[in-house]
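Descriptive analysis of the structure
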Amino acid sequence: MTAQLIGSENRGTQGRPVISFAAPSPSAFDARTRLRITARGRAVIAILVVVPLLALGLLWGASTALASSTASGVAFDYVTVQQGDTLWGIVSDFPRAQDPRDSVAEFINLNNLATAELQPGQRLAVPASLSAAQG
């Protein structure tokens, strides 16, 4: 509500100015009740929308990445580790098609080795790059 002082021509019976209260206009009411979102509020809303969508995407993607019961058809040559063997020594037994350090890294990755330490009797799959170079 806003108070309006009416001019001197509208004075009350005792000579005092008359004050009337006018209702706010509809446009002023709409401006006060409009929702205003700050930059932080927009960021929170975006996160609340994006995070569940990403979670659903991950769940859907995980359900489609199931392993099949059939073999992939990839066959590897294997080397059995003997007492005193090292990855460097095993790699040097194959013809060099690339840098030996790369071949050692391929052995580690293909056989999912945590370290380069080998145990006698351990079977290691030979990377395709070395098998092809030997054949």
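Going by an unreviewed UniProt entry, the chain carries the name LysM peptidoglycan-binding domain-containing protein and comes from Mycetocola reblochoni.

**Some thoughts on a nonpolar patch on the surface**
A contiguous nonpolar patch, built from Leu35, Ile37, Ile45, Val49, Val50, Leu53, Leu54, Leu56 and Leu59 and spanning about 910 Å² of accessible area, is present on the exposed surface. By secondary structure assignment, the location of Ile37 is in the loop between α1 (26–33) and α2 (39–64).

**Remarks on the side chain of Asn111**
Tracing the chain through its elements places Asn111 in the loop between α4 (100–110) and β4 (123–126). Looking at Asn111, the relative accessible area reads 18%, which means it is buried. There is a polar contact of 3.0 Å between the side chain of Asn111 and the backbone oxygen of Phe107. Aside from chain neighbours lying at most four places away, what touches Asn111 is Arg123, Leu124 and Ala125.

**Description of α4**
Residue pairs spaced three or four apart in an α-helix point in one direction, given the helix's 3.6 residues per turn. Three or more residues of α4 are buried, namely Pro100, Ser103, Val104 and Phe107. Take α4 and look down its axis: the buried residues cluster within an arc of 100 degrees, on one side only. Opposite the buried face of α4, at more than 90 degrees from it, the exposed residues are Arg101 and Asn109. Asn112 lies just past α4 and shows a positive phi near 55 degrees.

**A few points about the packing of aromatic side chains**
Summed over all chains, the structure comprises 0 aromatic pairs. For Arg123, the ring lying beneath its charged end belongs to Tyr78, and the centroid distance is 4.2 Å.

**Details of the nonpolar core**
Membership of the largest hydrophobic core comes to 13 residues, with the highest contact counts inside it found for Leu87, Ile90, Phe94, Phe107, Leu118, Leu124 and Val126. The leading source of residues in this core is helix α3 (residues 87–92), at 3 residues. Not counting the four nearest positions on each side in its chain, Phe107 is found in contact with Leu87, Ile90, Val91, Phe94, Leu113, Leu124, Ala125, Val126, Pro127 and Leu130.

**Here we look at the pattern of salt bridges**
Tallied over the full model, the rule gives 1 salt bridge. Salt-bridge contacts for Asp99 lead to Arg101; the nearest nitrogen and oxygen are separated by 2.8 Å.

Definitions and limits used
Residues numbered from 1 in each chain as written. Predicted model: local features only at pLDDT ≥ 70, side-chain atom pairs only at ≥ 80, totals over all residues. Heavy atoms only, no water. Patch = residues over 30% accessible without salt bridge, like charges linked within 9 Å, V, L, I, M, F, W, Y side chains within 5 Å. Areas by Shrake-Rupley, 256 points an atom, 1.4 Å probe, with all protein chains shown as cover. Salt bridge = Lys/Arg side-chain N within 4 Å of Asp/Glu carboxyl O. Helix = DSSP H or I, 4+ residues; strand = E, 2+ residues; numbered from the N terminus. Buried < 20%, exposed > 50% of the residue type's maximum accessible area, 1.4 Å probe, protein only. Polar contact = N/O pair within 3.5 Å; in protein donor to acceptor, adjacent residues only side chain to side chain. Contact = heavy atoms within 4.5 Å. Arc of directions from axis to C-beta. Phe/Tyr/Trp six-rings, centres within 6.5 Å; stacked < 30°, edge-to-face > 60°. Lys NZ or Arg CZ within 6 Å of the ring centre and 35° of its normal. Core = buried A, V, L, I, M, F, W, Y, C linked by side-chain atoms within 4.5 Å.

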